[in-house]
Each structure stands twice: as structure tokens, then as C-alpha cells.
Amino acid sequence: MDLEARSLQPNVKAVLLAKLREYKSDLNNLKSEHKRLASANSNQAARDDLLESGMADAMSVSANQRGRLMMSTERLNESSDRIKESRRTMLETEELGVSILQDLHQQRQSLLHANDT
């Protein structure tokens, strides 16, 4: 376009060259704005990717923590059940021991009375 404008008559040539310079300036401004926006978009896309991967990592960590928490809760419940069962067995054993001691005491008393007679 520049070459065509230069080859025209001087009065038309000046007007066309001025418009051409204006168009080139507008084009350069638009190119720089496009680069700036593209850079911002790529930065935004990189930021979004980073945040998404961070959220995926957080969700993965959260799922792992939830799994470990559930396993720990289950083990705690099992331990509590074993403690309750052990306590029940201990109380039964204590009752049996008291009963045996009472029987032995009665037998001792019987033997002592037998020796006295």
C-alpha cells in the first residue's frame, strides 16, 4: 500500500500517506494490546491450572485424611469394644474369686468346728 500511495499524484499522495501512517499506528497499538491481553490470558490460564491442580491436590489430601480418619475411628471403636469385653470378663472373674473365697472361708470354718468337737 505504501508503494502504491507513493506512486500517486502529490495532492492525493499526502492524504493517503497520512492515513497509511495512522492505520500503521493503529495496527501497532492493536498488536501490542493483543500481546498484552494474550500474555494476561496465558498468565490467567497458568494461574487457573495451578489453582485447579492445587485444588485437586487438596481434594486428594482431604480424601486421604478422611480415609485415615475413618480407619482410626474404626480401630478406636474396635479397641473400645475389646476394653468393654475385658472389663466384663474381669468383673465375672472377680465375682468368681469372691465366691471361691467365701466357699473356702466356709470350709475353714467347718474344719475348725470339726476339730473343736
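Refer to the structure presented above.
Everything numeric here is computed off the predicted structure, so don't read it as measured data.

Peer 1: Which residues make up the overall build of the chain, and what are the values?
Peer 2: For the chain, the helix and strand inventory stands at two helices and zero strands. By the burial criterion, 3% of the 117 residues in the chain qualify as buried. Of the roughly 10700 Å² of accessible surface on the chain, a fraction of 58% belongs to carbon and sulfur atoms.

Peer 1: Just give me the short version of the pattern of salt bridges, but keep the residues and values in it.
Peer 2: Opposite charge on two side chains permits pairing when their charged atoms draw close. Under the criterion given, the structure shown has two salt bridges. With a shortest N-O distance of 2.3 Å, Glu85 and Arg88 are connected by a salt bridge. In this pair, Glu85 and Arg88 are both assigned in helix H2 (residues 10-116), three residues apart and thus about one turn of the helix distant. Arg88 is the partner of Glu92 in a salt bridge, and the nearest nitrogen-oxygen pair spans 2.4 Å. A residue pair is termed a helical-turn pair when its members lie 3 or 4 positions apart in one helix, as Glu92 and Arg88 do in helix H2 at four residues. On the accessibility criterion, Glu92 (44% relative accessible area) is partly exposed.

Peer 1: Could you give me a rundown of a nonpolar patch on the surface, with the residues and numbers involved?
Peer 2: The grouping of Leu96, Ile100, Leu101 and Leu104 at the surface amounts to a nonpolar patch, some 400 Å² of accessible area in total. In this fold, Leu104 is placed in helix H2. Since its relative accessible area comes to 46%, Leu104 is described here as partly exposed.

The rules behind the values
- Residues numbered from 1 in each chain as written.
- Predicted model: local features only at pLDDT ≥ 70, side-chain atom pairs only at ≥ 80, totals over all residues.
- Heavy atoms only, no water.
- Helix = DSSP H or I, 4+ residues; strand = E, 2+ residues; numbered from the N terminus.
- Buried < 20%, exposed > 50% of the residue type's maximum accessible area, 1.4 Å probe, protein only.
- Areas by Shrake-Rupley, 256 points an atom, 1.4 Å probe, with all protein chains shown as cover.
- Salt bridge = Lys/Arg side-chain N within 4 Å of Asp/Glu carboxyl O.
- Patch = residues over 30% accessible without salt bridge, like charges linked within 9 Å, V, L, I, M, F, W, Y side chains within 5 Å.

Remember that the coordinates give geometry; whether it matters functionally is a separate question.
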